[in-house]
Amino acid sequence: METRAGYAVVGAFVLALFLGGLGLAVWFGNVRLDQDVRDYLIEFDGSVGGLSVGSRVRYHGVPVGSVADIRIDPDNVEKVAVTVELDAAIPIKANMYATLESQGLTGLGFIQIQGGTRDAPNLQAPESGKLPLIPSRASRLEKVFQSAPEIAGQLVTLIARLQGFLSDDNQKSVRDILHNLATVSAVLAERTGEIETAVVDGAAAATEVRAAMADMAPLIKELRGNFKTITEEVAITLSAARGTVAGVDAEIGKLSERLAFTTERIGGTAAQLEALVGEARPGMRDFSNSGLYELTQFLFEARELVGNLDRVVRQLNRDPSQFLFGKREGQVEAQ
């Protein structure tokens, strides 16, 4: 009986220890047995190392579910299908996405859900009987791992260039440069006094320049005043010139009007002359045909008549009695 009693005590102790451990696991894991969950599917293109069934799923760092299944997608071996159970009270929006993150230094993976806006519609299943698909993106850590080979290649190239830079010839050149710098430093140290003198002379020259500028200040001020006066006079002259030009423009306008009036009068006079010439043209044509000949004959006969009258007048002046009573006997005619 004592032996059976001992077994019963040990069994009860083991059962209590098992139930206590299960309770602690539930308490530490924050597992709610009565929690309503909803299944979603996430497909990752790369490795999901560190992720396992039961791993946490977080939204903005807050636990909202766990990983229920991990498998290779039978339709595409390049993708890893991960089924997650999320709290049904958490609305999963259509613009949310999932990334695979690593927790601390332990390397344990978990899924981080990000994005989503309040006004976005809830994520729905693409077809009946299939799980809603949450799109995935590469995390920053995955991007680093993906670019690790390229970074390693660049590091190798950099190390090779450093080795070439630190070759024996380059090291000798660096030593020569350092030696030359030491020589220059020694020369400068020996000529500290001369450098100090040069600095003092430069300060004195700067003082003289400032004094010269102070002496030139009144002259510059006077020049500014003269320039201002000249500017004002030029402005007055330009204003007067503008007035003169305006007056000349007015006179030119009046003269243009007068010239237009005169041109119009000349045009009218020319028209009248043209009409007069047109009227006189038939008479002038007749005169040139017959009248001109008759006028010529008339002028010839008139000239002879004038000649005869001239001789008569001379004879009267010379001897009126002879003209009246005729030529007497024995009288000689005067020539």
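Values in this document were obtained by computation on a predicted structure and should not be read as measured data.

Draft legend 1. Highlighting the pattern of salt bridges. A complete count under the given rule lists three salt bridges for this structure. A salt bridge links Arg 71 to Asp 69; the shortest N-O distance between them is 2.8 Å. The class of Arg 71 is partly exposed, set by a relative accessible area of 38%. On the basis of relative accessible area, Asp 69 is assigned to the partly exposed category, the value being 28%.

Draft legend 2. Fine view of the packing of aromatic side chains. With the rule as written, the count across this model stands at zero aromatic pairs. In this arrangement the basic side chain of Arg 58 is found over the ring face of Phe 110, its NZ or CZ atom lying 5.2 Å from the centre. In this arrangement the basic side chain of Arg 137 is found over the ring face of Tyr 97, its NZ or CZ atom lying 3.9 Å from the centre.

Draft legend 3. Region of the structure containing the environment of Glu 78. With respect to the helices and strands, Glu 78 occurs in the loop between strand S3 (62-72) and strand S4 (80-87). For the pair Glu 78 and Ser 47, spaced 31 residues apart in sequence, the C-alpha to C-alpha distance is 9.6 Å. The residues touching Glu 78, leaving out its near neighbours within four places in the chain, are Phe 44 and Asp 45.

Draft legend 4. Looking closely at the side chain of Gln 112. Take Gln 112: it is sitting in strand S6 (residues 108-115). Polar side-chain contacts of Gln 112 include one of 3.1 Å to the backbone nitrogen of Gly 61. For Gln 112, the contacting residues outside a window of four places in its chain are Arg 58, Tyr 59, His 60, Gly 61, Tyr 97, Ala 98, Thr 99 and Glu 101.

About the cut-offs
- Residues numbered from 1 in each chain as written.
- Predicted model: local features only at pLDDT ≥ 70, side-chain atom pairs only at ≥ 80, totals over all residues.
- Heavy atoms only, no water.
- Salt bridge = Lys/Arg side-chain N within 4 Å of Asp/Glu carboxyl O.
- Buried < 20%, exposed > 50% of the residue type's maximum accessible area, 1.4 Å probe, protein only.
- Phe/Tyr/Trp six-rings, centres within 6.5 Å; stacked < 30°, edge-to-face > 60°.
- Lys NZ or Arg CZ within 6 Å of the ring centre and 35° of its normal.
- Helix = DSSP H or I, 4+ residues; strand = E, 2+ residues; numbered from the N terminus.
- Contact = heavy atoms within 4.5 Å.
- Polar contact = N/O pair within 3.5 Å; in protein donor to acceptor, adjacent residues only side chain to side chain.

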